[in-house]
Amino acid sequence: MKQPKKRRFQLSERQLGYAMVAPSIILIAVIIIWPIMLSAWNSLFDYRLNDPAKAERISTLSINLETYADNRYLVYDTMEDIRSAMPDAGGTLDDIATALDEQHETLLNSDEGLAGRYEEVNTMLENYQPVNDDELRLTEVPEEWADGFANTLDEQTAAVQALREDAPEEAVQPLTDLESQLSNTKGSILEPNFVGLKNYTSYLGDGRTWTAMLNTLLFTVVTVGVELIIGMLVALLINRVFIGRGLVRAAVLVPWAIPTAVAAMMWTFLFDGQSGIMAHYMAQFGLIDDPGTLLSTGAGGMFSVMFADIWKTTPYMALLLLAGLQTIPRSMYEAAEVDGANKIQQFFSITLPMIRSAILVAVLFRALDAFRVFDLIYVLTGGGPANSTESISVYAYKLLFEQQNFGAGSALSVIVFLSVALLSTIFIKLIGSDLFSGRLKQ
Amino acid sequence: MAKRAGVGFYIFLIIFVFLVMFPFIWVLLTSIKPQGEIFSSFQWFSSNMTLENYASALETRPLLMYMLNSFVVATLTTIISIIVASFTAYAVTRLPIRFKGLILGLVLAASMFPQIAVLSPIFNFVTDAGLRNSYLGLVIPYITISLPLAIWILSTFFIKIPLALEESAKLDGATPFQTFRKIIFPLAAPGVFTTAILVFIAAWNEYLFALTINTDDRWRTIPVGISFYQSQYTIPWGDITAATVIVTIPIVVLVLLFQRRIVAGLTSGSVKE
């Protein structure tokens, strides 16, 4: 008899490799790529969280069964109240009920299976369950039915208004309720809010978008430029042996490590027109007319956010450049000295070419960070005064969560995304394969 | 590197460090002034120092709760992303798989995208899943930031380990996964630790998702909590400076302890060795 061969479950190196890469790829696909695509899709709709008729993306004329079923129940309930408070309204109420029932029948017969789904929604409502499943909740309806239904509701609303004119006191409240319930029922019909590229065209034609775009570009160019120049000077100066290196390094790392929002709060205090010491000294030295200038004028506000960013990030830039400087062999400078090159010639013909890729990598990551700046500006100036320091991310955030306009806000965030993509493509073309060196075997 | 440092150099150094640290020094000095002096004078040192601002900062807002929230969220984010990222970094740098360049390109692209572009869909998703005002509601979006960062840094550490170690493990009969778990991962431990610090700091400092998703005061993190000390009419600078000092201390300790590692992590891959 042959012994069955004992086999251990074992992956080959290649299979293991794919299995190990899979979780990251799936995560990146699900929580980065898919949401970006959803943002792009949202930006094509007139999608506003604070307007019930537009609180979701509707591509075709639909009915919200949840709202419809809920209000249908309420309408009949209120009609009973009116009957007991105002007996002679019975005839009109019967007419209303007949008209609504007729529309209800037509609706349920308009699509196979709709009656069953309506029942399901109704049962869920009776059990106080929210209907979160869009497939169940939203149904496409024919246009003729929707028009007829809206007309019926308008007619019945008029009939209710007529009743209210000579209603006894106790019937007034239920009649008012009925009127608003009929109007809510009408709200269950959802017009398509697909608007194509309208969000883009209207916001690209809007001055505030362009101001925000220019502010962001100005902020990026100035802060990254100044950080590069000062960072390079500092790196060149401290690229030598000295006592207390560790302490200097720690001092330099703290601004980088604290949360941007906390740094922004600190600078709000230092720039404050009344108790801010920076504002106080700058006014004393005649750099500004009045301590209040910094945070109450557009130019002052822009200076403040740039200054705070430069303070927070220059040390980090200096560290990156210093690491680059330390890889240059001393012998190259010695050889240049023998050839009679002065310090400035040495800098331009040895130092710069040797750390070119370190500079480009540092500038790439800094520029992308600066371009999507949010916390610093949002906390320090809130985008003000009068939107003069508003960056494109801050504007997009305000549209999304302060105005609850998800369509327009998504359009702006897609614009930020595309700008960042363009910016990084240009940089990666410049840096080339150096970006991957040290990560892939050539 | 043989340049020697002179007196002028040290004077420059002291000025540089002072300028960098000045905001902290001023905030610390302000935090121990009595309320009245903060608004009325620009004197550096107060004659009657007080801790009343600290008491008030802890009383008016749940500052310690914010710190706990930040700590839990940042720790969970770090653990999850380090585990997932170390698998990927190992596979990309050391296993014979295809599309390595493409995978790293995707990771790089993922580390560059602006968070605002995913904010509203993630907000909708977290709301639908009932995760608003919870730790998980922040950990999920934080993975979008920390995972690419961790893969990017970890791969520079993994690639430095000599390939011969794997060959000998293979000869000794270890499976590929055992090689990773028992040989390569422990050897890369210092690099993994460095990456973990950087990921932790990134998660600790995040503002945009925390502001949008955890709107209940009890669930706020440090950066958002601090920015809510100011009310519409008054700005309690005493409270704010005291709170700033309290939340900066853990970071200063972290930086002092691990400065070498942090610098190694920040500069990894940006320079050729």
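Residues numbered from 1 in each chain as written. Chains lettered and ligands numbered in written order. Predicted model: local features only at pLDDT ≥ 70, side-chain atom pairs only at ≥ 80, totals over all residues. Heavy atoms only, no water.

A. Focus on the overall build of chain A. Scanning chain A from terminus to terminus reveals 20 helices and 3 strands. Referenced to the eigenvectors of the C-alpha coordinate spread, the extents of chain A come out at roughly 110 × 100 × 35 Å. Within chain A, the proportion of its 442 residues that are buried is 51%. By sequence separation, contacts in chain A at least 24 residues apart represent 72% of the contacts at least 6 residues apart. The distance from the centre of the 30 positive side-chain charges to the centre of the 50 negative ones in chain A is 27 Å. (Helix = DSSP H or I, 4+ residues; strand = E, 2+ residues; numbered from the N terminus. Buried < 20%, exposed > 50% of the residue type's maximum accessible area, 1.4 Å probe, protein only. Contact = heavy atoms within 4.5 Å. Lys, Arg positive; Asp, Glu negative; His and termini not counted. Charge placed at Lys NZ, Arg CZ, Asp CG, Glu CD.)

B. Local environment of the interface of chain A and chain B. Between chain A and chain B, the residue contacts involve 102 residues of the former and 108 residues of the latter. Buried area between chain A and chain B, summed over both chains or domains, comes out near 9,600 Å², and the portion from carbon and sulfur atoms is 76%. Sorting the residues of chain A by area buried against chain B places Met20, Phe269 and Arg439 of chain A first, and these three jointly supply 9% of that buried surface. The closest approach of N and O atoms between Glu13 of chain A and Lys170 of chain B, which form a salt bridge, is 3.3 Å. At the boundary of chain A with chain B, the tally comes to 15 residue pairs in polar contact (both at pLDDT 80 or more). Its residues assigned to classes, the side of chain A that touches chain B comprises 69 nonpolar, 21 polar and 12 charged. (Buried area = accessible area lost by both parts, 1.4 Å probe. Salt bridge = Lys/Arg side-chain N within 4 Å of Asp/Glu carboxyl O. Polar contact = N/O pair within 3.5 Å; in protein donor to acceptor, adjacent residues only side chain to side chain. Nonpolar A, V, L, I, M, F, W, Y, C, P; charged D, E, K, R; others polar.)

C. Representation of the UniProt feature "transmembrane region" (unreviewed entry) in chain B within the structure. Residue and element names in this part refer to chain B. The UniProt record marks residues 7–29, 63–90, 102–123, 135–163, 183–204 and 240–258 with the feature "transmembrane region" (unreviewed entry), using the residue numbering of this structure. Between the end C-alpha atoms of residues 7–29 the distance is 29 Å, and the span holds 100% helix and 0% strand. Between the end C-alpha atoms of residues 63–90 the distance is 40 Å, and the span holds 100% helix and 0% strand. (UniProt positions renumbered as here; feature names shortened; annotations may be inferred.)

D. Looking closely at the UniProt feature "domain: ABC transmembrane type-1" (unreviewed entry) in chain A. As recorded in UniProt, the feature "domain: ABC transmembrane type-1" (unreviewed entry) lies at residues 213–427 of chain A. As annotated, residues 213–427 of chain A has a helix share of 78% and a strand share of 0%, and its two end C-alpha atoms lie 20 Å apart.

E. Structural view of the nonpolar core. Grouped together as the largest cluster of nonpolar side chains are 188 residues, with contacts concentrated most on Trp256 and Tyr397 of chain A together with Phe158 and Ile262 of chain B. Setting aside anything within four residues of it in sequence, one finds Ile262 of chain B in contact with Leu253 and Trp256 of chain A together with Ile197, Leu198, Ile201, Leu254 and Val255 of chain B. In this structure, Val75, Ala85, Val160 and Leu163 of chain A belong to the second largest nonpolar core, which totals 37 residues. (Core = buried A, V, L, I, M, F, W, Y, C linked by side-chain atoms within 4.5 Å.)

F. Quick look at the domain arrangement of chain A. Assigned domains of chain A: these are domain 1 (58–190) and domain 2 (201–436). Using C-alpha coordinates to define each centre, domain 1 of chain A is positioned 58 Å away from domain 2 of chain A. (Domains from an automatic or database assignment.)

G. Representation of the pattern of salt bridges in the model. Residues and elements named next belong to chain A. One pass over the full model with this rule turns up 17 salt bridges over all chains. Its salt-bridge partner being Arg366, residue Glu227 comes within 3.0 Å of it at the nearest N-O pair. A residue pair is termed long-range when its members are at least 10 positions apart, and Glu227 in helix H9 (residues 207–238) and Arg366 in helix H17 (residues 356–371) qualify at 139 residues. Residue class for Glu227 comes out buried when judged on its relative accessible area of 0%. Classification of Arg366 by relative accessible area gives buried; the value is 6%. Between Arg372 and Asp369 there is a salt bridge, with the nearest N and O atoms lying 3.0 Å from each other. Note on Arg372: relative accessible area 16%, which makes it buried. By relative accessible area, Asp369 is classed as partly exposed at 37%. Among the ionic contacts, a cluster of salt bridges with common partners joins Glu227, Asp309, Arg366, Asp369 and Arg372.

H. How the structure looks around the UniProt feature "transmembrane region" (unreviewed entry) in chain A. Residue and element names in this part refer to chain A. With numbering aligned to this structure, UniProt lists the feature "transmembrane region" (unreviewed entry) at residues 21–41, 217–238, 250–271, 347–368 and 406–432. Annotation note: span residues 250–271, helix share 91%, strand share 0%, distance between end C-alpha atoms 25 Å. Segment residues 406–432 splits into 96% helix and 0% strand. End C-alpha atoms: 37 Å apart.

I. Quick look at the packing of helix H19 (residues 392–402) of chain A against helix H6 (residues 116–128) of chain B. One can describe the packing of H19 of chain A onto H6 of chain B by two numbers: an axis separation of 10 Å at closest approach and a directional angle of 15°. Judged by the inter-axis angle, H19 of chain A sits roughly parallel to H6 of chain B. Pair H19 of chain A / H6 of chain B crosses with right-handed handedness. On H6 of chain B, the residues that touch Ser393, Ala396, Tyr397, Leu400 and Phe401 of chain A of H19 of chain A are Ile116, Leu119, Ser120 and Phe123 of chain B. When its residues are assigned to classes, the contact of H19 of chain A with H6 of chain B shows 7 nonpolar, 2 polar and no charged. (Axes fitted to C-alpha atoms, helices over the stretch in contact; angles between N-to-C directions. Parallel < 35°, antiparallel > 145°, perpendicular 65-115°, else oblique. Left-handed = near helix turned anticlockwise from the far one by under 90°.)

J. Spatial organisation of the domain arrangement of chain B. Its domain assignment divides chain B into domain 1 (7–53) and domain 2 (62–228). Taking only C-alpha atoms into account, the centre of domain 1 of chain B sits 37 Å from that of domain 2 of chain B.

K. Region of the structure containing the side chain of Ser304 of chain A. Residues and elements named next belong to chain A. As for its position among the elements, Ser304 is in helix H14 (residues 298–325). Ser304 sits in the buried class, given a relative accessible area of 0%. Not counting the four nearest positions on each side in its chain, Ser304 is found in contact with Phe271, Leu294, Leu295 and Leu380.

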